[in-house]
Amino acid sequence: MADTAVIPSRFRQWKQGLYWLLLLGPLFFLSYGQVNHFTATRADVGSLVFSWEHAIPFMPWTIVPYWSIDLLYGLSLFICTTQRELTRHAWRLLAASLVACTGFLLFPLKFTFTRPESPGIFGWLFHQLEQFDLPYNQAPSLHIILTWLLWLRFRQHLTGPVRWLAAGWFWLIAVSVMTTWQHHFIDVITGIAAGIAISYAIPMTGGWRWRRPSSRARRLAARYAAGALLMALIAWGVPYGTMLLWPAAALLMVAAGYAGLGTTVFQKTPEGQLSLSARWLLWPYLAGARLSKRWFSRTLPAISPILGEVSLGGFPGRTSGYAAVLDLTAEFHHRAEPGTIWHSCPMMDLLVPDLPDLQRAVDRLNLLRQPQKTLLVCCALGLSRSATVVAAWLLTERHADSVEAAVEIVRLQRPQVVLTADHLRLLAQFKEASCPTSV
């Protein structure tokens, strides 16, 4: 009976995919073609070519993977399994065309190599391409943007060797934009940046939400924004400083997190994984957070048993030995490991969590507990976020009858914990709200 219910559901999904294809297909060809022909009439079209690009060989056969993106574009709208996935993927494809065409108009560039004649079927495919495509729509490469967006969808639905084969084919598509002498390197780099930005801005799961930040959060936001501005200014004024725009963008998004977007900027799932788009966009910040954790963890114990099966510690490199992990970091990515139950309740670093977030984490801690099995509650270093949650749990379980007693239990086992007056006020509010005194 369940199988018969799936068939009409899948049929509706495919029908909606077809509607999107009928909208996106003509829009893509119309917008791309019109902008291309318009740019061809402009007198301000330049070019940007690195000297080493002249060594890139022309490989006629790579026109096949180059063309294959058209087929994959259509198929991607029919492999989505939920309405949400289909809608957001379609919006990504729409955004890809709009962003690319805007780039072509604002920064017109021309491809400068003269492509040699190719015999046979490859030559015919090049001829078909030239009937539609003029060498003026360059940066950012729409082909590269679409390659990234399509790969994100296919990798979601493929496993094992097939996934690896698909990954190789998509790499071949990406390389083909240069080996067919269709794009210069600047087009590829800007295409990658635009593709990641689009997939990050339109996440598959979750969404963007804003909450009024605390005064401390606003101060942290200002510091990260100042760092982003400094990086951008250096990138503007230093030769070959363009790569500094990457850490500038990462710091700017972290600043936005402290300014009210919160942990949504990391796009972390309940299983502890950051989205691939977030990992790429925020990589400079994430790498810095990893290095910082490694440095400050040198003198800290990895874990500190608190009471029974519950332990407190820093974010683990490996989870072997733990039956379950309650992860309170927003900034660290967890790779799934067999045998360990992992759940994430992300909280922003250096901030005192809100009361609802604290309650949610304590509820999850209780759900993860299993008799005679170890449970690790962790944050970056195991000093504040995780210590606050464990202290709150001690209060709910009546292992401590006051905030001071709960904190003392934690500090006896892990003396390095850092709980400020704001943390203590939060715990007092938590005790009053969640641990009413028996009459």
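Reading the values: rules and limits
Residues numbered from 1 in each chain as written. Predicted model: local features only at pLDDT ≥ 70, side-chain atom pairs only at ≥ 80, totals over all residues. Heavy atoms only, no water. Helix = DSSP H or I, 4+ residues; strand = E, 2+ residues; numbered from the N terminus. Buried < 20%, exposed > 50% of the residue type's maximum accessible area, 1.4 Å probe, protein only. Contact = heavy atoms within 4.5 Å. Areas by Shrake-Rupley, 256 points an atom, 1.4 Å probe, with all protein chains shown as cover. Polar contact = N/O pair within 3.5 Å; in protein donor to acceptor, adjacent residues only side chain to side chain. Phe/Tyr/Trp six-rings, centres within 6.5 Å; stacked < 30°, edge-to-face > 60°. Lys NZ or Arg CZ within 6 Å of the ring centre and 35° of its normal. Salt bridge = Lys/Arg side-chain N within 4 Å of Asp/Glu carboxyl O. Axes fitted to C-alpha atoms, helices over the stretch in contact; angles between N-to-C directions. Parallel < 35°, antiparallel > 145°, perpendicular 65-115°, else oblique. Left-handed = near helix turned anticlockwise from the far one by under 90°. Nonpolar A, V, L, I, M, F, W, Y, C, P; charged D, E, K, R; others polar. Patch = residues over 30% accessible without salt bridge, like charges linked within 9 Å, V, L, I, M, F, W, Y side chains within 5 Å. Lys, Arg positive; Asp, Glu negative; His and termini not counted. Charge placed at Lys NZ, Arg CZ, Asp CG, Glu CD. Pairing = 2+ DSSP bridges.

Trainee: Teacher, can you tell me more about the overall build of the protein here?
Mentor: Secondary structure summary: the protein contains 15 helices and 5 strands in total. For the protein, the spread of C-alpha atoms along the three principal axes comes to 85 × 65 × 35 Å. Residues counted as buried form 46% of the 439 residues belonging to the protein. Nonlocal contacts in the protein, meaning residues at least 24 apart in sequence, comprise 78% of its contacts between residues at least 6 apart. Summing over all exposed atoms, the protein offers an accessible surface of approximately 22700 Å²; the carbon and sulfur share of this is 66%.

Trainee: Would you explain the side chain of Thr329 in this entry?
Mentor: Position of Thr329 relative to the elements: it lies in strand S3 (residues 324-329). Under the relative-accessibility criterion, Thr329 is labelled buried at 0%. Here Asp327 takes part through its side chain, which lies 2.7 Å from a polar atom of the side chain of Thr329. In this view, Thr329 contacts Lys268, Phe315, Ser344, Pro346, Met347, Cys378, Cys379, Ala380 and Arg385; residues no more than four positions away in its chain are not counted.

Trainee: For this particular structure, what's the right way to read unusual backbone geometry?
Mentor: Across the chain, the bulk of peptide bonds are trans and the bulk of non-glycine residues have phi less than zero. Not every positive phi belongs to a glycine, and Trp181 is a case in point at roughly 55°. If you trace the backbone, Trp181 turns up in the loop between helix H6 (160-179) and helix H7 (185-201). Judged by its relative accessible area of 17%, Trp181 falls in the buried class. Even without glycine at this site, Arg398 takes up a positive phi of about 60°. Mapping Arg398 onto the fold places it in the loop between helix H13 (385-396) and helix H14 (403-413).

Trainee: Looking at this model, I keep getting lost on the packing of aromatic side chains. Mind explaining?
Mentor: Aromatic ring pairs are defined here through the distance separating the ring centres and the angle between the ring planes. Taken as a whole and judged by the stated rule, the model has 17 aromatic pairs. Three or more aromatic residues joined by ring pairs make a cluster, and in this case those are Tyr224, Tyr258, Phe266 and Tyr285. One Lys or Arg, Arg298, reaches over the ring of Trp295 and ends 3.6 Å from the middle of that ring.

Trainee: Even after reading the chapter, I still don't get the pattern of salt bridges, so can you show me in this structure?
Mentor: Where charged atoms of side chains with opposite charge meet at close range, the side chains can pair. Considering all chains together, one arrives at 10 salt bridges under this definition. Arg369 is the partner of Glu309 in a salt bridge, and the nearest nitrogen-oxygen pair spans 2.8 Å. Residue Glu309 is located in the loop between strand S1 (303-307) and strand S2 (310-314), and its partner Arg369 is located in the loop between helix H12 (355-368) and strand S5 (375-379); the two are separated by 60 residues in the primary sequence. Because the salt bridges share partners, they merge into one network encompassing Arg211, Asp354, Asp357 and Arg360.

Trainee: Teacher, can you tell me more about the packing of helix H5 (residues 142-157) against H7 here?
Mentor: Helix-helix packing: each pair is described by the crossing angle between the helix axes and the interaxial distance. At their nearest, the axes of H5 and H7 sit 7 Å apart, and the two run at 40° to each other. Our classification of the angle between H5 and H7 gives oblique. Note that H5 runs across H7; the crossing there is right-handed. The segment H5 lies against H7, with Ile144, Ile145, Trp148, Leu149 and Leu152 engaging Val188, Gly191, Ile192, Ala194, Gly195, Ile196, Ile198 and Ser199. Taken together, the residues of the contact of H5 with H7 break down into 10 nonpolar, 3 polar and no charged.

Trainee: I keep staring at a positive patch on the surface and nothing clicks. Help me out?
Mentor: Taken together, the side chains of Arg212, Arg216, Arg218, Arg219 and Arg223 present a region of like positive charge at the surface. As for its position among the elements, Arg216 is in helix H8 (residues 215-237). On the accessibility criterion, Arg216 (34% relative accessible area) is partly exposed.

Trainee: For this particular structure, what's the right way to read the environment of Gln182?
Mentor: Topologically, Gln182 is positioned in the loop between H6 and H7. Residues Gln182 and Ile56, spaced 126 residues apart in sequence, show a C-alpha to C-alpha distance of 12 Å. Not counting the four nearest positions on each side in its chain, Gln182 is found in contact with Tyr66, Phe111, Arg115, Leu129, Asp133, Gln138 and Val177. For Gln182, the side chain forms a polar contact with the side chain of Arg115, separated by 2.6 Å.

Trainee: How do you make sense of the pairing of S5 when you look at a structure like this?
Mentor: Burial of S5 is extensive: 5 of the 5 residues sit out of reach of the surface. Burial along S5 is two-sided: the residues Leu375, Val377 and Cys379 and Leu376 and Cys378 are all buried. Here 4 bridges tie S3 to S5, and the two strands are oriented parallel to one another. When the bridges of S5 are listed, Leu326 appears paired with Val377.

Trainee: Is there a simple way to think about a nonpolar patch on the surface in this case?
Mentor: Taken together, the side chains of Leu18, Tyr19 and Leu22 define a hydrophobic patch exposed on the protein surface, amounting to about 330 Å² of accessible area. Mapped onto the elements, Tyr19 comes out in helix H1 (residues 2-40). Judged by its relative accessible area of 52%, Tyr19 falls in the exposed class.

Trainee: Sorry if this is basic, but what is going on with the pairing of strand S4 (residues 341-347) here?
Mentor: On any regular strand, side chains alternate: one points to one face of the sheet, the next to the other face. Most of S4 is tucked away: 5 of the 7 residues are buried. Two elements, S3 and S4, share 5 bridges in a ladder whose sense is parallel. Bridging from a neighbouring strand, Leu326 pairs with His343 of S4.

Note that all results are geometric; they support no functional claim without further evidence.
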